[in-house]
Amino acid sequence: MNIGIFTVTQGGRNLGLKLKEFLPEAKLYTLEKFCQDDDKLLPIKPDLKTVIGQVFNKMDYIIFIMATGIVVRSIAPYIRDKYNDPGIIVMDEKGQNVISLLSGHIGGANDLTLKVADYLKANPVITTASDVNKTMAIDTLSMVLNCKITDWALAKKITAHLVNGDRVGIYWASTKAISLPPSYETVNTFSDLLNKPYGVFISNEDTEQEYKTLLQLYPQNLVLGIGCRRDTPVTTILDTINLALRKVNKSILAVKKIATVDVKADETGLIEAGRILNIPIEIISREEITKVEELFEGSSFVKKTIGVGSVSEPCAYIASNKGQVLINKFKNQGITVSIAEEEEMN
């Protein structure tokens, strides 16, 4: 987690050092005259706005110990949207108030504000309507469940519906339900959602039909294990992934990662597929695979070639933390894809 703490006064520096004890991974920036040859401090030079511009998109959170007005003027040129901006927190140098200023939900500023305020015995200031009204915004729900949202416009409408005191139906396809505020009404079937003004359904399935008042949240719980011939074209890999997912009616939006064996770490087509899909690739060592390969059907040719008899299945199994394998092997033009679903955590 990348955290920056910025302060421009001696009192703020002292509070920053105290805060760094709670957040040891944080980088503490202050004016050069307050650094005093302390290697725990980084100088703000040539000026605050320039340094903020250098680190803004690299930080998960930025904590400012200074006046809110200074902060607003300093970050204004770099703000994009709540999906990309870091969580911004502002504090006074006495540590009396901790303010969640920007990216409260998706950026996590609200949550960190509460933690910092608790540590400092300070007053947390959170102004997001859903939090003030003791409900849960849709973006917060998606974060708690580690889900992906694609229709942000509808998510905004549903959050407004919640904030205004209305209820929203929610249906869990297979994901374990969690405790939610009373503004969410759990229903037993997907059809029950159709009778609600707005609804949310949690599913990794590929739902072709679009609903104007129903929002799908995609849990990030699918892992693709992939093996392929050397120099397989990226288009072929992408086509095979789509065909495999279609066979089990699962959405690419629910894929958490791609896994492959270490000898394929430099496979250009796989690397490019991960880039295009914006899905990380996890490399599984052959040593790890040998520990579980007896669980899967192997090939003597593959064994002789790379030292293990199977690639896609054990890679999917290992990378999903021994999840349920939905497709053992889907073969197409020299590519093998296995799909595993992570087990729900208790």
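Everything in this summary refers to the structure shown in the same document. (Residues numbered from 1 in each chain as written. Predicted model: local features only at pLDDT ≥ 70, side-chain atom pairs only at ≥ 80, totals over all residues. Heavy atoms only, no water.)

**What to know about the overall build of the protein chain**
Then, in step 1: Of regular secondary structure, the protein chain possesses 14 helices and 17 strands.
Then, in step 2: Counting only C-alpha atoms, the protein chain reaches 70 × 55 × 35 Å along its principal axes.
Then, in step 3: Within the span of the protein chain, comprising 346 residues, buried residues form 48% of the whole.
Then, in step 4: Across the protein chain, every contact between residues at least 6 apart in sequence was considered, and the portion connecting residues at least 24 apart equals 57%.
Then, in step 5: Element-wise, carbon and sulfur atoms account for 49% of the exposed surface of the protein chain, whose accessible area totals about 17600 Å². (Helix = DSSP H or I, 4+ residues; strand = E, 2+ residues; numbered from the N terminus. Buried < 20%, exposed > 50% of the residue type's maximum accessible area, 1.4 Å probe, protein only. Contact = heavy atoms within 4.5 Å. Areas by Shrake-Rupley, 256 points an atom, 1.4 Å probe, with all protein chains shown as cover.)

**Here we look at the sheet that holds strand β14 (residues 255-261)**
Then, in step 1: Ordered in space as β15-β14-β13-β17-β16, the five strands form an open sheet in which the pairing is mixed. Each end of this open sheet is capped by a strand with a single partner; those strands are β15 (281-284) and β16 (324-332). Between one strand axis and the next, the sheet turns by 25° as a mean value, whatever way the strands run.
Then, in step 2: Relative to strand β17 (residues 335-341), strand β13 (residues 222-228) runs antiparallel, the two being bridged by seven bridges. The residue of β17 that forms the bridge with G225 is S338. (Pairing = 2+ DSSP bridges. Axes fitted to C-alpha atoms, helices over the stretch in contact; angles between N-to-C directions.)

**A word on helix α5 (residues 109-120)**
Then, in step 1: With 12 residues, α5 ought to run about 16 Å at 1.5 Å a step, and its terminal C-alpha atoms sit 16 Å apart, in line with that.
Then, in step 2: Taken together, the buried positions of α5 are occupied by A109, N110, L112, T113, V116, A117 and L120. One side of α5 holds all its buried residues, which, seen down the axis, span an arc of 160°.
Then, in step 3: Just past α5, the residue K121 takes up positive phi, approximately 55°. (Expected span 1.5 Å × (residues − 1). Arc of directions from axis to C-beta.)

**Looking at the packing of aromatic side chains**
Then, in step 1: For the structure shown, the criterion picks out eight aromatic pairs.
Then, in step 2: Seen in terms of ring centroids, F6 and Y29 are 4.4 Å apart; in terms of plane orientation they differ by 0°. Their pairing is stacked. Linking F6 in strand β1 (residues 3-7) with Y29 in strand β2 (residues 27-31), this pair joins segments that are 23 residues apart in sequence.
Then, in step 3: A residue is classified by how much of its surface remains accessible, and F6, at 0% relative accessible area, is buried.
Then, in step 4: Consider the rings of F190 and Y211, whose centres lie 5.5 Å apart with planes at 65°: the pair is edge-to-face. Of the two residues, F190 is situated in helix α9 (residues 190-193) and Y211 in the loop between β11 (199-202) and β12 (214-219); the sequence distance between them amounts to 21 residues.
Then, in step 5: Residue class for F190 comes out partly exposed when judged on its relative accessible area of 23%.
Then, in step 6: A residue is classified by how much of its surface remains accessible, and Y211, at 22% relative accessible area, is partly exposed.
Then, in step 7: The structure contains a cluster of three or more aromatic residues connected by ring pairs, namely Y171, F190, F201 and Y211. (Phe/Tyr/Trp six-rings, centres within 6.5 Å; stacked < 30°, edge-to-face > 60°.)

**Overview of the side chain of N204**
Then, in step 1: Within the secondary structure, N204 sits in the loop between β11 and β12.
Then, in step 2: A residue is classified by how much of its surface remains accessible, and N204, at 3% relative accessible area, is buried.
Then, in step 3: There is a polar contact of 3.2 Å between the side chain of N204 and the side chain of N221.
Then, in step 4: Look past the residues within four positions of N204 in its chain and what remains in contact with it is P219, N221, L222, N249, K250, S251, A254 and E341. (Polar contact = N/O pair within 3.5 Å; in protein donor to acceptor, adjacent residues only side chain to side chain.)

**Looking at the pattern of salt bridges**
Then, in step 1: By the definition in use, this model includes 11 salt bridges.
Then, in step 2: For R286, the salt bridge is made with D262, and the minimal N-O distance between the two is 2.9 Å. Of this pair, R286 sits in helix α12 (residues 286-290) while D262 sits in the loop between β14 and α11 (268-277); the two residues are 24 residues apart in sequence, bridging distant segments of the chain.
Then, in step 3: With a closest N to O distance of 2.9 Å, K303 and E293 form a salt bridge. Here K303 is found in helix α13 (residues 300-306), whereas its partner E293 is found in the loop between α12 and α13, with 10 residues between them in sequence. (Salt bridge = Lys/Arg side-chain N within 4 Å of Asp/Glu carboxyl O.)

**Digging into the packing of helix α1 (residues 10-22) against α5**
Then, in step 1: α5 packs onto α1 with a crossing angle of 110° between their chain directions and a minimal axis gap of 11 Å. Comparing the axis directions of α1 and α5 gives the class roughly perpendicular. Taken together, the residues of α5 that come into contact with α1 (itself represented by L15, K18, L19, E21 and F22) are K115, V116, Y119 and L120.
Then, in step 2: Among the residues making up the contact of α1 with α5, the classes are represented as six nonpolar, no polar and three charged. (Parallel < 35°, antiparallel > 145°, perpendicular 65-115°, else oblique. Nonpolar A, V, L, I, M, F, W, Y, C, P; charged D, E, K, R; others polar.)

In short, shape yes, function no, at least from these values alone.
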